Amino acid sequence: MSAIAWDPTDLGHTGPVPARRPRLVVLEGGATGGRAARAAQPALRITRRGRLVLLVLATLALAAALGLRGLGGAGAVEPAHTVSVSPGQTLSEIASRELPSMSISDGIVAIQLANGLSTAQIRAGQQLVVPAG
């Protein structure tokens, strides 16, 4: 924004020039202590609630990182052989028979990951890859 200043003589005024209004001047000091006191204050103050929020966020980030690290090997199971699904057979039956070293739920998940299944539903005649367990 700009301002235009007119001098009374520019307007053709020839009489005595009125006194100018006093201008405001910023002085250092006062109740806050001036520029030096503001520079000494920290730029960011973290309250007790803020520290608690940061602690919770850091804990969640650590838990997520550890959880994702544990999932890294889940897709790296190598297939051993295929099984044909018989009529009336369930995925849990196949998992308990073909992967006896795993729990039934872990076996189901391993078979689902090896075959790209999003559910535990299978149909008769379907060929399933059973990972080495």
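Student: What am I meant to see in the overall build of the protein chain here?
Tutor: If you tally the helices and strands in the protein chain, you get four helices and two strands. Mapped from its N terminus to its C terminus, the protein chain presents α and β elements in the order α-α-β-α-α-β. The 133 residues of the protein chain split such that 14% are buried. Long-range pairs, those at least 24 residues apart, make up 53% of the contacts in the protein chain with a sequence separation of at least 6. As presented, the protein chain carries roughly 11000 Å² of accessible surface, and 61% of it is formed by carbon and sulfur atoms.

Student: Help me understand the confidence of the model for the protein chain in this model?
Tutor: Any segment with low pLDDT has predicted coordinates that should not be analysed in fine detail. The predicted model of the protein chain has a mean per-residue pLDDT of 79, with 69% of residues at 70 or higher. Per-element confidence in the protein chain ranges from a low mean pLDDT of 59 for helix H1 (residues 34–40) to a high of 91 for helix H3 (residues 91–98).

Student: Explanation requested: the pattern of salt bridges in the structure shown.
Tutor: All chains considered together, the criterion is met by one salt bridge. Here Glu 98 makes a salt bridge to Arg 97, at a shortest N to O gap of 3.1 Å. The exposure class assigned to Glu 98 is partly exposed, which follows from its relative accessible area of 23%.

Student: How should I be thinking about the packing of H3 against helix H4 (residues 104–115) in this particular structure?
Tutor: With their axes 8 Å apart at the nearest point, H3 and H4 run at an angle of 105° to one another. In terms of axis orientation, H3 runs roughly perpendicular to H4. Contacts from Leu 91, Ser 92, Ile 94, Ala 95 and Ser 96 of H3 reach H4 at Ile 104, Gly 107, Ile 108, Ile 111 and Gln 112. For the contact of H3 with H4, the class distribution of residues is six nonpolar, four polar and no charged.

Rules of the game
Along each chain, numbering runs from 1 in the same order as the chain's sequence is written. Totals for whole chains, interfaces and linings use every residue, but because this is a predicted model, local features are given only for residues with pLDDT of at least 70 and side-chain atom pairs only at 80 or more, for both listing and counting. Excluding hydrogens and water, the side-chain figures rest on all heavy atoms present in the structure. Segments assigned H or I by DSSP are reported as helices when at least four residues long, segments assigned E as strands when at least two residues long, and all are numbered from the N terminus. Three exposure classes are used, based on accessible area relative to the maximum for each residue type with a 1.4 Å probe and protein chains only: buried under 20%, partly exposed in between, and exposed over 50%. Any two residues whose heavy atoms approach within 4.5 Å are treated as being in contact. Per-residue and other accessible areas follow the Shrake-Rupley method at a 1.4 Å probe size, with only the shown protein chains counted as cover for residues. pLDDT expresses, on a scale from 0 to 100, how confident the predictor is about each individual residue. Here, a salt bridge means any side-chain nitrogen of Lys or Arg that lies within 4 Å of a carboxyl oxygen of Asp or Glu. Every axis in this analysis is a line fitted to C-alpha atoms, fitted for helices over the stretch in contact. Angles between the N-to-C directions lie between 0 and 180 degrees. Any angle that falls under 35 degrees is termed roughly parallel, while one over 145 is termed roughly antiparallel, one within 65 to 115 roughly perpendicular, and all others oblique. Gly is placed with the polar residues, together with every amino acid not listed as nonpolar (Ala, Val, Leu, Ile, Met, Phe, Trp, Tyr, Cys and Pro) or charged (Asp, Glu, Lys and Arg).

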